[in-house]
Amino acid sequence: MASPQGLQAPQEFGGPLGAAALMLLLPATTLHLLLAVRSGPARLLGPPAHLPGLSELWSPRVLLLLLTWLGLQAALYLLPARKVAEGLELKDKSRLRYPINGFQALMLTVLLVGLGVSGGLPLGALAEMLLPLASVATLTTFIFSVLLYMKAQVTPTSGLAPRGNSGNLLYDFFMGRELNPRIGSFDFKYFFELRPGLIGWVLINLALLLREAELRGSPSLAMWLVNGFQLLYVGDALWYEEAVLTTMDITHEGFGFMLAFGDLVWVPFTYSLQAHFLLYHPQPLGLPRALLICLINAAGYYIFRGANSQKNTFRKNPSDPSVAGLETIPTATGKRLLVSGWWGMVRHPNYLGDLIMALAWSLPCGTSHLLPYFYFLYFIVLLVHREARDELHCLQKYGRAWHAYCQRVPYRIVPYIY
Ligand SMILES: NC(=O)C1=CN([C@@H]2O[C@H](COP(=O)(O)OP(=O)(O)OC[C@H]3O[C@@H](n4cnc5c(N)ncnc54)[C@H](OP(=O)(O)O)[C@@H]3O)[C@@H](O)[C@H]2O)C=CC1
Ligand SMILES: CC(C)CCC[C@@H](C)[C@H]1CC=C2C3=C(CC[C@@]21C)[C@@]1(C)CC[C@H](O)C(C)(C)[C@@H]1CC3
């Protein structure tokens, strides 16, 4: 069942063929990275040292562990929230309500895990279970995406996403048909975007740190830095949880295989690659280099947070004193575009800050291997592609005003370079 508007929307990611290729390539890449990272040569490119058997990829105990984790995070999501925020206006003029309790869920998880570890829970053992966990999570994602696809069959047209309703099964399954799939007030896209995968990433990092302490007596400085930087990133995402309601994923993307896999598999298992690498390939790191890397991460965070907060404040209340003095240009929609401050430097200053942080997360792993730089390299591709998609949306939305903005601010992500 295709919506007329969906049929006209240009297809992304290379259409059905691209979507099919990605659905094979993404799980295969995750598997390859998890095998390569623990092998001696730790090669990013080239065949893996061995192909795993079924017993290395699947166990009912691991499935139970994953389901318990999802259940715990769902329960924390349902706890009373300090605030309930409204999302942007939908096509039918309604607004959905979202609980703002992500940071609380992170803190409660840390507390529960802390109590567990002090009571003898062998969290370090998780480090040895990442391969079967990732493959079980991949299988779960496929099954879950089928359920999401079926649920969209009975969703009214106004609830469908602009892109994922072309009528091609493979493409729509990948892109996601329904914009905001919910059961009652439980919003699946919002929940998966910020909870089990993002908090799971922190937990995996911590398990790798504890495993390193078990093996070598104490965690290395490099391991501390990677854990600290990424905890800051996840803590920030959950502290500013409300801001996710204006991101492209929540406002535009359907919830299908792409986001479900990204949230549940890609983020926790590939974003933790640096800590995973350090467990099997310890790297010496002196204090002066560690300080320099901290400075790079701080600079990236400063730009990332400054840019995201400036835009969010401006979109929520343009007369807020912190943004009221900034220069803007009007658009035909009634909304204005910032042309000074962070958004006058490049058209995506938040991506620039994010990329600088991505580099800082890999640097503690030294320069002997390319593998721990995977996240940085993938992130360049993701953000360049994302920027192009956003550019197209903004051009369609703002027309001439967007052209004027591009003339005023000619660089996209990196000043004077790109
Ligand atoms: N770690 C990861 O894997 C990932 C991280 N991210 C991060 O997520 C964050 C959100 O990114 P994303 O959702 O892509 O988009 P952005 O937060 O960059 O939002 C883009 C939107 O901002 C508005 N905008 C653009 N220019 C201006 C301007 N000059 N003045 C005012 N508003 C403007 C437009 O929407 P409108 O005008 O309608 O408000 C545009 O569609 C980023 O920090 C990014 O780095 C993203 C993807 C993956
Ligand atoms: C590999 C696939 C082709 C693409 C998968 C993309 C997803 C992994 C990302 C799409 C947008 C994301 C965001 C974050 C994590 C990665 C995914 C899900 C984010 C939650 C990370 C923390 C940030 O502070 C944020 C701004 C909240 C991010 C929002 C977008």
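In case you missed it, the structure is sitting above this.
Cut-offs and rules
Residues numbered from 1 in each chain as written. Chains lettered and ligands numbered in written order. Predicted model: local features only at pLDDT ≥ 70, side-chain atom pairs only at ≥ 80, totals over all residues. Heavy atoms only, no water. Near = heavy atom within 4 Å. Areas by Shrake-Rupley, 256 points an atom, 1.4 Å probe, with all protein chains shown as cover. Helix = DSSP H or I, 4+ residues; strand = E, 2+ residues; numbered from the N terminus. Domains from an automatic or database assignment. Polar contact = N/O pair within 3.5 Å; in protein donor to acceptor, adjacent residues only side chain to side chain.

Draft legend 1. View of the site of ligand 2. The immediate surroundings of ligand 2 are formed by 14 residues, with Glu193, Ala237, Asp249, Asp263 and Phe304 found nearest. Burial of ligand 2 by the protein amounts to 86% of the accessible area it has alone, namely 630 Å². Counting residues per element, the ones that place at least two in the shell around ligand 2 are helix H8 (188-194), helix H10 (221-239), helix H12 (257-270) and helix H17 (374-398). In terms of residue count, H12 provides more of the shell around ligand 2 than any other element does, four residues in total. Split by domain, the shell around ligand 2 shows at least three residues from each of two domains, domain 1 (27-40 + 55-87 + 97-282) and domain 2 (286-417).

Draft legend 2. Spotlight on the environment of Leu139. In this structure, Leu139 sits in helix H6 (residues 130-152). The sequence separation of Leu139 and Pro60 amounts to 79 residues, and the corresponding C-alpha distance is 12 Å.

Draft legend 3. Here's a closer look at the site of ligand 1. By nearness alone, 26 residues border ligand 1, and Tyr271, Tyr351, Asp354, Lys397 and Tyr398 come closest of all. Within the side chain of His348, an N or O atom sits 3.1 Å from an oxygen atom of ligand 1. Contact distances for ligand 1 include 2.7 Å between an oxygen atom and a side-chain N or O atom of Asp390. Relative to its unbound accessible area of 930 Å², ligand 1 is 88% covered by the protein chains. Counting residues per element, the ones that place at least two in the shell around ligand 1 are helix H14 (287-316), strand E6 (336-338), helix H16 (349-362), H17 and helix H18 (400-408).

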